[in-house]
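Structural overview for review
Okay, here's what each chain looks like letter by letter:
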Amino acid sequence: MKINFSKISALSLLFLFNHPDAANAAGFAARNAARHFVLTETKQKEVAPITGTVLDEKNLPMPGVTVKNVTTGKAVQTDVNGKFTLEAGPEDSISISFLGYQTATQKVGTQTALNFKLVPAQTELKEVKVVGVGYGTQAVREVTSAVAHVGPEDFRQSGARTPLDLIQGKVAGLNLTRTGGSNPNSGISVQLRGAVTVTGSASPLFVIDGIPGGNPDLLKQDDIESIDILKDGSGAAIYGTTANAGVIIITTKRGKKGVTQVDYSAYYRKEYLQRRLDFLTPAEYKAKIASGQLNRPDAGGATDFVDMLINHGNFSQNHNLAFSGGGENSSYRASLNYNNFEGIAKENGRKEYALRLSMNQSALEGRVRAQVDLATNFNNANLLGGGGWENEQTRDPTLSNFNADGSYRFYPTSTNEYARLFQETNRRRQQTTSANGKVDIDIVKGLTGTVFGSVVRDSRVDGGYRKKASEFSTENSSSVGGGYGFKSDFLQQDFAFEPQLQYKTTIAEKHSITALAAYSYRYQVAESASLANAGFINDSFEENNLGAVPVNIKTTSISSNKTDNTLIALLTRVNYAYNGKYLAQFIIRREGSSRFGDNNKFGYFPSVSAGWIISDEDFAKKWTFVNNLKLRAGYGITGNSGFENYASKVTMNTGGIYLFPDNEYRQTYGPDRNPNPNLKWEVKHELNFGVDFSLWNNRLRGTLDVFDRTTKDLLDTYTSPQPPFIQDRIYTNVGQMSSKGIELGLGFQAMKRADFSWDMDATFSTLKNTLDSYSNDFYKVTYKTFAPIGGAGDLRDAVVTYEGREIGEFWGKRFAGFTPDGKWLFYNHRGEKVSNAEIDVNPNSATKDIVKLGNAIPRYYASWTNTFNYKQWSLRTFLRGKFDYSILNTNALSYGNAYTWTGNLLQRAFDKDAQIKDTYMYSDYYLESGSFVKLDELTIAYNFKPKVKAIRNLRLYLTGQNLATITGYSGTDPDFVQDTGMNAGVDGRSAYPSTRSFIFGVNVGF
């Protein structure tokens, strides 16, 4: 009998204990109830907290291990010391599970403490390596297009100014050129598989955590998980008209199930001048004057003007602190970053503060999954320094930056660049922010619905001031002696909304199908404004009160702008696999853009690719040295909509300011662009054949790709007849260009011993880029010129690209020697030595005397990485090079000529160029081989085995970057000379100095 006292009322109790029979009965019941309560209490005491420790096969504590009471279903995770506490009874069983280890189970019995030692799983799970392919991921084994994957283990070791620095030289066919050298405020030129456009966007599309057109400024090296590159059209077609130049997919790190982990990374960098042009020192210059080799006065000074611009005390640092963890249904990762990058130039650097947060949550037994990412970056940049090198290295070194009284000295024909650093400011304050969210819902078995949305906001304010005493203000004829200030702002916002449906199924155990259908909406709006004013009577306000000086048409400038564009698309992708070894992929995207003309608002971008895993065939089983062998073939069409907004429309702009009959000056307006309702995207057709292989127990692995791509309907501005057109120029689709190439990536495990290993990775690529045509029946252009030489004299453009010929060809005069009095001689088209006046330099002339002199585009690219590991030490070397191309040495052209230049000169002016007694000339005399091999990185590191349980890992490293360059080129560092796009091959006269960097860093995990 069981009595529930909670259901006995006060009246019932009164009756029971006042009636004799009832009292006896109640006493009996109470005794039995008491006996029952004792038994229940005893049972409850049997469920007690059980403690324990989980160790791995090396007797080290294992944090984040799942400890589950199989009987009750309750579960906990071990802490950082591998310890746990869980309630259990004697009859309960405790299960211990962790990925990669065998599950262990024990019955509690009479024990109050349980200790577990896990052993690795006897049958190890094969790691399924996945790559980003756009709108999802795909197992490497199933990929049928040309996709390159670079993970943290392959990244350059440290010191990245942009995320692309991490993969410099790591992907065959991807060429990265930093023409600004180590300038912390410079960008990077990116080209994949050659040039694909003349006037359109030449940069690949960046997709960051699913955000199409994501901003790489938001990324820090320690937050990046992987970088995937969609190299061919069969994969990139999924992104339509934004994918002509390829797609770079960047995935950031996310939290994982387990206890909270803290990771701290930091590095410190010091830079030194690596290469200076061979200009005369002050002592050498004075000696030339004294010997009569230079017929000019000695001003009495001795100044190294370049050295005065150098920031010898530069010191850069980067710090990243990340927290991550998660439970059964949620995970998170948050990181904070601070960096202070100082350039080798004075007043040249930037400070950044960044925050990144990612969260994942699942619900309804994992059927609903949500993901949110937030990132923001504050950039405070000093843009004042970093230039003026040509001016300072070519100035007469017997002059000075100062007058006798210590004030700054100004010269009428040049700028005192050193004084600028103290009399002017030029600053940028920028905030870039992104937010994106994604929700996945498993609707039915195999069918998943996804909703993705994102916004990216880039806002910056630039401002600067030039003091009253500055050289600019004292020489400003419109406001002599008045201060000058300027300010501008820019805001760009990008919105994306992309709902998707994905269905996966397997039919008859052999037919695997994955189908994706999606809608994409993207909207971009950008606006800017700028204001400048001059004539400030004091320097107190700087640029912060530009209205303090009355607006004047001669001293005030005002401008503003706003543009937007919309892109929408429907897309689908189907992946099919038969028996796991015959693979196929089909993509089609229908896309429209507001930039297109009214007659071509939408286009289709299809692709197809296939793969065959030969190594899975029965006949290949006897090839014991083959671990994996896969053939791939793909064809795809992509587009380029990266041109100016409203390019197809008639737009209005300002004309001149005229005096009207009422004696008032008024602004005039009128159309400044011809309409083109037929304007459309550039379209690229690409065919790719590839093979992926892994041999000799995976010791040798690699990928080989051969591609052939043709871009049609190239966009450019052509001469249009008037009438019927309003203007004499029209932007339209006419030309065609193509590129063909081979790409090879190799990895080799050269040696593996108990305490020592040696691994190698290498890439190689070659490319031929051709301008097939630039004319049609209506518009005729037989050649285009590029790469302006600049400088004194009428030197024109160095590169002439003819229809049917390769991009980047130098065309010019052939040097034939000098006359006895030092005048130039060149070969004409008949092979005769003639003077410059007798040379026909018209590129379109039938009797032209200019010829092809070389090519500015490297024919071959290569890199080689070696990684050595000995016990806890590691050493990595990274070499890369570019080969078989030419560079025009404009410094030699202008400053190796003592006959024409009156400032400082290169040493060659007194040996190789000493006989020149003539003006500046462009010819093959100044064309040099740009081929080089560079020891780009060397890193030595030590990985500690911390005995402190709270520390997971600790690594210290020392890295040297740009340590040595082997080249025959006599100009600046050939690696920093533009060699991508159409304007390649001219070594600028004011290049940022090449530097050698040394980095000390630490990585520690808690």
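Procedures and definitions
Residues numbered from 1 in each chain as written. Predicted model: local features only at pLDDT ≥ 70, side-chain atom pairs only at ≥ 80, totals over all residues. Heavy atoms only, no water. Helix = DSSP H or I, 4+ residues; strand = E, 2+ residues; numbered from the N terminus. Buried < 20%, exposed > 50% of the residue type's maximum accessible area, 1.4 Å probe, protein only. Contact = heavy atoms within 4.5 Å. Areas by Shrake-Rupley, 256 points an atom, 1.4 Å probe, with all protein chains shown as cover. Lys, Arg positive; Asp, Glu negative; His and termini not counted. Charge placed at Lys NZ, Arg CZ, Asp CG, Glu CD. Pairing = 2+ DSSP bridges. Axes fitted to C-alpha atoms, helices over the stretch in contact; angles between N-to-C directions. Phe/Tyr/Trp six-rings, centres within 6.5 Å; stacked < 30°, edge-to-face > 60°. Lys NZ or Arg CZ within 6 Å of the ring centre and 35° of its normal. Salt bridge = Lys/Arg side-chain N within 4 Å of Asp/Glu carboxyl O. Core = buried A, V, L, I, M, F, W, Y, C linked by side-chain atoms within 4.5 Å. pLDDT = per-residue confidence, 0-100. UniProt positions renumbered as here; feature names shortened; annotations may be inferred. Polar contact = N/O pair within 3.5 Å; in protein donor to acceptor, adjacent residues only side chain to side chain. Patch = residues over 30% accessible without salt bridge, like charges linked within 9 Å, V, L, I, M, F, W, Y side chains within 5 Å.

Brief notes about the overall build of the protein
- Scanning the protein for helices and strands turns up 9 helices and 51 strands.
- With the principal axes as the frame, the protein shows a C-alpha extent of 140 × 75 × 75 Å.
- The burial tally for the protein puts 48% of its 1006 residues in the buried class.
- Partitioning the contacts of the protein with sequence separation of at least 6, the portion at a separation of at least 24 is 68%.
- When the accessible surface of the protein is totalled, it reaches about 46,700 Å², and 56% of it is carbon and sulfur.
- Distance between charge centres in the protein, computed from 110 positive and 101 negative side chains, equals 5 Å.

Details of the sheet that holds strand S7 (residues 113-117)
- What the 3 strands build is an open sheet, ordered S4-S1-S7; its pairing is mixed. The sheet terminates laterally at strand S4 (83-88) and S7, the two strands that pair on one side only. The mean angle between the axes of side-by-side strands here comes to 30°, regardless of whether they run parallel or antiparallel.
- One ladder, built from 5 bridges, connects strand S1 (residues 48-55) with S7; its direction is parallel. Residue pairing across strands places Thr51 opposite Ala113, the latter belonging to S7.

Regarding the packing of aromatic side chains
- One pass over the structure, following the stated rule, counts 42 aromatic pairs.
- Here the aromatic residues Phe815, Phe818, Trp824, Phe826, Tyr925 and Tyr926 are joined through ring pairs into a cluster of three or more.
- One cation-aromatic arrangement involves Lys270 over Tyr272; the distance from NZ or CZ to the ring centre is 5.9 Å.
- Across the ring face of Phe976, the terminal group of Lys934 is positioned such that the distance to the ring centre comes to 5.0 Å.

A closer look at the pattern of salt bridges
- If you walk through the whole model with that rule in mind, you get 52 salt bridges.
- Taking the shortest distance from any N to any O, the salt bridge between Arg830 and Glu832 comes out at 3.4 Å.
- The exposure class of Arg830 is exposed, given its relative accessible area of 56%.
- We classify Glu832 as partly exposed; its relative accessible area is 38%.
- Where Arg880 meets Asp936, a salt bridge forms, and the shortest distance between an N and an O atom there is 2.7 Å. Linking Arg880 in strand S45 (residues 873-883) with Asp936 in strand S48 (residues 932-944), this pair joins segments that are 56 residues apart in sequence. Taken individually, Arg880 and Asp936 each receive the classification buried, so the pair is uniform in this respect.
- Three or more residues are tied together by salt bridges with common partners; here these are Arg156, Arg880, Lys882, Lys934, Asp936, Glu937, Asp973, Asp975 and Asp979.

Here we look at unusual backbone geometry
- Of the consecutive residues Gln722 and Pro723, the connecting peptide bond is found in the cis state with omega at -15°.
- Of note, the amide linkage connecting Pro723 to Pro724 takes the cis form, showing an omega dihedral of 15°.
- With respect to the element layout, Pro724 can be found in the loop between strand S33 (700-719) and strand S34 (729-752).
- A positive phi angle is found at Asn697, which is not glycine, with a value near 55°.
- Judged by relative accessible area, which is 66%, Asn697 ranks as exposed.

Some points on the sheet that holds strand S50 (residues 986-987)
- The 3 strands are arranged S47-S46-S50 in an open sheet whose pairing can be described as mixed. The sheet is open, and its two edges are formed by strand S47 (927-929) and S50, each paired on a single side.
- When strand S46 (residues 886-889) meets S50, the two strands line up parallel, connected through 2 bridges. Bridge pairing in S50 links Leu888 to Val986.

Concerning the nonpolar core
- Of all hydrophobic cores here, the largest spans 45 residues; its most connected members are Met737, Ala798, Phe810, Trp824, Leu888, Tyr922 and Tyr926.
- Of all the secondary structure elements, the ones that give two or more residues to this core are S33, S34, strand S36 (783-788), strand S37 (797-802), strand S41 (824-827) and helix H9 (890-895).
- Membership of the second largest hydrophobic core comes to 20 residues, among which are Ala148, Phe155, Leu166 and Ile229.

Remarks on the pairing of strand S32 (residues 682-695)
- Among the 14 residues of S32, 11 are classified as buried, and the element is accordingly described as predominantly covered.
- Bridging between strand S29 (residues 626-640) and S32 involves 14 bridges; their strand directions are antiparallel. Of the residues in S32, the one forming a bridge with Leu629 is Phe693.
- Where S32 and S33 come together, 13 bridges link them in antiparallel fashion. Within S33, the residue paired with Asn688 across the bridge is Phe707.

Observations concerning the confidence of the model for the protein
- Mean pLDDT over the protein works out to 90, with 95% of the residues at or above the 70 mark.
- Counting interchain partners and residues more than four positions distant, the pLDDT-below-50 stretch residues 1-45 has 14 contacts.

Focus: the UniProt feature "domain: TonB-dependent receptor-like beta-barrel" (unreviewed entry) in the protein
- The feature "domain: TonB-dependent receptor-like beta-barrel" (unreviewed entry), as given by UniProt, occupies residues 374-963 in the numbering adopted here.
- Taken end to end, residues 374-963 is 4% helix and 58% strand, and its two terminal C-alpha atoms sit 38 Å from one another.

Describing the side chain of Thr651
- Inspection of the secondary structure assignment puts Thr651 in the loop between S29 and strand S30 (652-659).
- Here the side chain of Thr651 touches Arg673 through a polar contact of 3.3 Å, side chain to side chain.

Quick word on the pairing of strand S27 (residues 582-593)
- Direction of pairing for strand S26 (residues 557-578) relative to S27: antiparallel, over a ladder of 12 bridges. Within S27, the position partnered with Leu571 by the bridge is Arg589.
- Linking two consecutive strands that pair antiparallel, namely S26 and S27, is a turn of 3 residues; a positive phi of about 60° is found at Asn579 within it.
- Pairing of S27 with strand S28 (residues 602-613), which is carried by 11 bridges, proceeds in the antiparallel orientation. Paired with Arg590 across the strands is Tyr604, a residue of S28.

A word on a nonpolar patch on the surface
- A contiguous nonpolar patch, built from Phe586, Val608, Tyr635, Leu687, Phe689, Leu704, Val706 and Ile742 and spanning about 630 Å² of accessible area, is present on the exposed surface.
- If you list the elements that add at least two residues to the nonpolar patch, you get S32 and S33.
- The residue Leu704 is located in strand S33 in this model.

Things to note about the environment of Ala762
- Within the secondary structure layout, Ala762 lies in strand S35 (residues 756-773).
- Put simply, Ala762 and Ala862 are 100 residues apart on the chain and 7.3 Å apart in space, counted from C-alpha to C-alpha.
- When neighbours within four sequence positions are excluded, Ala762 is seen to be in contact with Leu744, Gly745, Leu746, Ser863 and Trp864.

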